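Residue-level structural notes
The chain contents come next:
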Amino acid sequence: MNDFGLDLAVIGNGRTAALIEPSSRLVWWCFPRFDGDPVFCRLLAGNEEKGFCDVVLDGLAATSSDYVRNTALVSTILTDRNDAAVRITDFAPRFREFDRVFRPSQLVRIIEPIAGLPRIVIRFRPTSRYGTPISTRSIGSNHISYHDGNVALRLTTDAPLSYIDREASFVLTRPLHLVMGQDEPFPAALASTCHEFADRTRDYWQEWVQRLSIAYDWQDVMIRAAIALKLSNFEETGAIIAAHTTSIPEAPGSGRTWDYRYCWMRDAYFVVKALNRLGATQTMEDFISFILGIASEKIVRPVYSIVPSDPMEEEIADNLKGYRGDGPVRIGNAAVHQIQHDTYGSIILAAMPMFFDRRLPRPGDAGLFQLLERLGVEAERSAFAPDAGIWEYRGRARIHTHSAAMCWAGCNRLGAIARHLGIPDRAAHWTRTAEAIGARLLDEAWNEKRGAFTAGFGVEDLDASVLLLPEIGLVEAGDPRFVRTIEAIERELLRDKHVMRYTSEDDFGVPESAFFVCRFWLIDVLWKLGRREQALDMFTDALRYRNRYGLLAEHVHLKTGELWGNFPQTYSMAGMILTAMRLSRSWEDRYWHD
């Protein structure tokens, strides 16, 4: 089989999601929700042929695969040496019905002959308990049930069940339909329902895209990134996960394997900002509600499950060898126990639209402000205390510039909210608090020897997260100290056009790959500084690294240019949207030009 790496598409519906190779093989599907047991785990199974569903065409000569325009449906065409061909359409049903959204934990696959007499094999090999093949199955009249005590999965199909059970080849003479999901009867005519679901799901996504507010340039880029963000939204609770996968290494052999199927408070600010810019206000509102529910807790953690009360203890999945055999595969994330002080500011900044965005039906009030003030108290208390930082160091703590800056931003925004609400005494208090934090921060984060704002107080390491200082408003991009910081970052963290988070040794050695969102942060700064040609060049170059479906992972390898890290990465997609919106020409200027 071909190694497609992370050249994968994601399909989903706000409850479940799966990853598909260009050959049509479903290689990752957590069931019944984003953080569930992967019944399709081939992506992390090393060289073991388990945990997948595919269609194997005899004499395969060519493949063609892409999204149906402006949707989350994937269409794949397989052609054999005699030009016989089959089209495979994959999607997770999502559409409006009875004034609510229908989004079952279900995948639908339609297999159609479109030329000649293609001979195919349909293979369906689910797993449970993170990599154990499900050997117990029962065959009904129109379905096969797979169960082992942990998972109960049903494949409902009008394909010959014996051919699927035996993985036998047969000639495809008519369209076939597969519905994968809960082990319960499919209560409708299979073929007509699958096609109806496909049509209604396509219409849903195209109408959703139609309502987006996007800039003139790079429209397809932004649309695909917006859909990817939407597919990362667990709609029941409003959570948005960092990525759909666990343990795709940041670089080969690095040991940097993490479970990203959870919701980081740090991501909230960037994701909310991207959704706001796109006009995806309902998703933004739901996410803010999720965040504010967490903010009301006595102790606020940096990361949560999509159901916030669920545990996230980290363990190793021994039955999975890892992506390309490169483990370990982790379930859960130990970052849940870390101290990360930027969390307070991230939540406050993410809540800002509730007070200032007039489109939202439920504006923020004094009660919400008082809730956020509790976070402000923690931000003030923690601004200059050591923590694990934005990059979640596991083996050391220091006073990180970015963490202190986000504490400043939280207090600064509380002052702005209080002024907006007409509470002058609280506005004065939070403004004074922010000014005191900001003055000390800019003094102690500046390293005269390095000629830069460094990663932390009293250290000489450079860190790409300081690129965000103008974005949050702590300094102007043209501040001479910040300009010198950019020069230092370009000398030391820039690799061709890639941007490293940092280059100093950490718990796992020296980093080998570049973090995509850091490039977007640098591009934004260059744009503000008037270096627009360079910014445009770096942005258009970044787009080259998207896979064939227009998606990005977390990292790119410096030597090979391959995508690494968990996928598709919310941080990367949100960064791409925000930078594209910043750099694009306006509709008024360019709509009627070349």
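In what follows, the structure referred to is the one given above.
Below you will find a few notes about this structure. (Residues numbered from 1 in each chain as written. Predicted model: local features only at pLDDT ≥ 70, side-chain atom pairs only at ≥ 80, totals over all residues. Heavy atoms only, no water.)

Scanning the protein chain from terminus to terminus reveals 16 helices and 32 strands. Computed over its C-alpha atoms, the radius of gyration of the protein chain comes to 25 Å, within 12% of the 25 Å expected for a compact globule of 594 residues. Across its three principal axes, the protein chain shows a C-alpha extent of roughly 75 × 55 × 50 Å. Within the protein chain, buried positions represent 63% of all 594 residues. (Helix = DSSP H or I, 4+ residues; strand = E, 2+ residues; numbered from the N terminus. Rg over C-alpha atoms; globule rule 2.2 N^0.38 Å. Buried < 20%, exposed > 50% of the residue type's maximum accessible area, 1.4 Å probe, protein only.)

Moving on: the side chain of Asp37. By secondary structure assignment, the location of Asp37 is in strand β4 (residues 37-40). For the buried Asp37, which has no salt bridge, the nearest side chain bearing the opposite charge is Arg129, at an N-O separation of 6.4 Å. Not counting residues within four places of it along the chain, the set of residues in contact with Asp37 comprises Trp29, Cys30, Phe31, Ser128, Arg129, Tyr130 and Val151. (Lys, Arg positive; Asp, Glu negative; His and termini not counted. Salt bridge = Lys/Arg side-chain N within 4 Å of Asp/Glu carboxyl O. Contact = heavy atoms within 4.5 Å.)

This part covers the packing of helix α12 (residues 480-492) against helix α13 (residues 516-528). Running from N to C, α12 and α13 cross one another at 135°; their axes reach a closest spacing of 12 Å. In terms of their interaxial angle, α12 and α13 are classed as oblique. Relative to α13, α12 is oriented so that their crossing is left-handed. Contacts from Phe482, Ile486 and Glu490 of α12 reach α13 at Leu522, Val525 and Leu526. Looking at side-chain class alone, the contact of α12 with α13 contains 5 nonpolar, no polar and 1 charged residues. (Axes fitted to C-alpha atoms, helices over the stretch in contact; angles between N-to-C directions. Parallel < 35°, antiparallel > 145°, perpendicular 65-115°, else oblique. Left-handed = near helix turned anticlockwise from the far one by under 90°. Nonpolar A, V, L, I, M, F, W, Y, C, P; charged D, E, K, R; others polar.)

A word on the packing of aromatic side chains. For the coordinates displayed, the defined rule picks out 28 aromatic pairs. Residues Phe384 and Phe457 carry aromatic rings whose centres are separated by 5.8 Å and whose planes lie at 35° to one another, so their mutual orientation is tilted. Residue Phe384 is located in the loop between α8 (366-382) and α9 (401-421), and its partner Phe457 is located in the loop between β27 (452-453) and α11 (469-472); the two are separated by 73 residues in the primary sequence. Phe457 matches Phe384 in its accessibility class, with the two residues each being buried. (Phe/Tyr/Trp six-rings, centres within 6.5 Å; stacked < 30°, edge-to-face > 60°.)

Moving on: the sheet that holds strand β8 (residues 85-91). Sheet architecture is open: 8 strands sit in the order β6-β7-β8-β11-β19-β17-β16-β15, paired in antiparallel fashion. The open sheet has two free edges, formed respectively by β6 (60-67) and β15 (137-139), since each of these has just one partner strand. Mean inter-strand twist for the sheet, computed between neighbouring axes without regard to direction, equals 15°. Sheet topology note: the β15/strand β16 (residues 143-147) ladder contains 3 bridges and is antiparallel. When the sheet's bridge partners are listed, Ser138 is paired in β16 with Ser145. Helix α2 (residues 190-210) rests against β8, β11 (107-115), β17 (152-157) and β19 (176-182) of the sheet, and its axis sits at about 75° to β19. (Pairing = 2+ DSSP bridges.)

With that settled, the discussion passes to empty space enclosed by the protein. One pass over the structure, following the stated rule, counts 4 cavities of 30 Å³ or more. If you add up the space inside the largest cavity, you get close to 350 Å³. In terms of lining, the largest cavity is formed by 26 residues, of which the most central are Tyr260, Ile390, Trp391, Glu392 and Arg501. Here the residues of the lining of the largest cavity sort into 13 nonpolar, 3 polar and 10 charged. As a volume, the second largest cavity reaches approximately 160 Å³. If you trace the second largest cavity, you find 19 residues lining it, with Phe270, Glu471, Trp521, Asp524 and Leu578 closest to the centre. If you list the elements that add at least two residues to the lining of the second largest cavity, you get α4 (265-278), α11, α13 and α15 (570-583). Looking at the lining of the second largest cavity, its residues break down into 11 nonpolar, 2 polar and 6 charged. (1 Å grid on protein atoms, 1.4 Å probe; cavity = no way out; pocket = protein on both sides within 12 Å on 5 of 7 lines; lining within 4 Å. Points joined across faces, edges and corners; volume = space filled by probe spheres on them.)

The next subject is the sheet that holds strand β31 (residues 555-557). Strand pairing in a sheet takes place through backbone hydrogen bonds and is either antiparallel or parallel in direction. Read across the sheet, 3 strands follow the order β30-β31-β32 without closing on themselves; strand pairing throughout is antiparallel. In this open sheet, the two strands that pair with only one neighbour each are β30 (513-515) and β32 (563-564). Sheet topology places β31 next to β32; 2 bridges connect them, and they run antiparallel. Looking across to β32, one finds that His555 is bridged to Trp564.

As a further point, take the side chain of Glu21. Tracing the backbone through its elements, the reader meets Glu21 in the loop between β2 (17-20) and β3 (26-31). Under the relative-accessibility criterion, Glu21 is labelled buried at 7%. Ignoring any residue separated from it by four or fewer positions in sequence, one finds Glu21 in contact with Phe4, Asp7, Leu8, Val27 and Tyr549.

On to the environment of Ser305, then. Counting through the fold element by element, Ser305 comes out in the loop between β23 (303-304) and β24 (315-316). Considered as a pair, Ser305 and Ala379 are 74 residues apart in the sequence and their alpha carbons are 23 Å apart. The residues contacting Ser305, other than those within four sequence positions of it, are Arg33, Asp35, Tyr262, Phe290, Asp310 and Met312. Side-chain polar atoms of Ser305 contact the side chain of Asp35, separated by 3.3 Å. (Polar contact = N/O pair within 3.5 Å; in protein donor to acceptor, adjacent residues only side chain to side chain.)

Mapping Pro470 onto the fold places it in helix α11. Filtering out sequence-adjacent residues up to four positions away, Pro470 remains in contact with Val475, Glu476, Ala477, Phe482 and Lys528.

Here we take up the nonpolar core. Ile111, Met180, Leu372 and Trp521 are the most contacted members of the largest nonpolar core, which has 207 residues in total. Once residues lying within four places of it in the same chain are set aside, the contact partners of Ile111 are Val55, Val86, Arg87, Ile88, Ile120, Ile122, Leu172, Arg174, Pro175, Leu176 and Leu178. Ala242, Trp258, Tyr260 and Ala335 belong to the second-largest nonpolar core, a separate cluster that totals 10 residues. (Core = buried A, V, L, I, M, F, W, Y, C linked by side-chain atoms within 4.5 Å.)

Now for the pattern of salt bridges. Close approach of charged atoms allows side chains of opposite charge to pair. Under the definition given, this model contains 50 salt bridges. Among the ionic pairs, Asp203 bridges to Arg202, the shortest N-O distance being 3.2 Å. Among the residues examined, Asp203 registers a relative accessible area of 31% and is labelled partly exposed. For Arg202, a relative accessible area of 29% puts it in the partly exposed group. Here Asp506 and Arg256 are joined by a salt bridge, their closest N and O atoms 2.6 Å apart. Separated by 250 residues along the polypeptide, Asp506 in the loop between β29 (498-499) and β30 and Arg256 in the loop between β21 (239-240) and β22 (263-264) bring together distant segments of the chain. Residue Arg256 is classed as buried on the basis of its relative accessible area, which comes to 6%.

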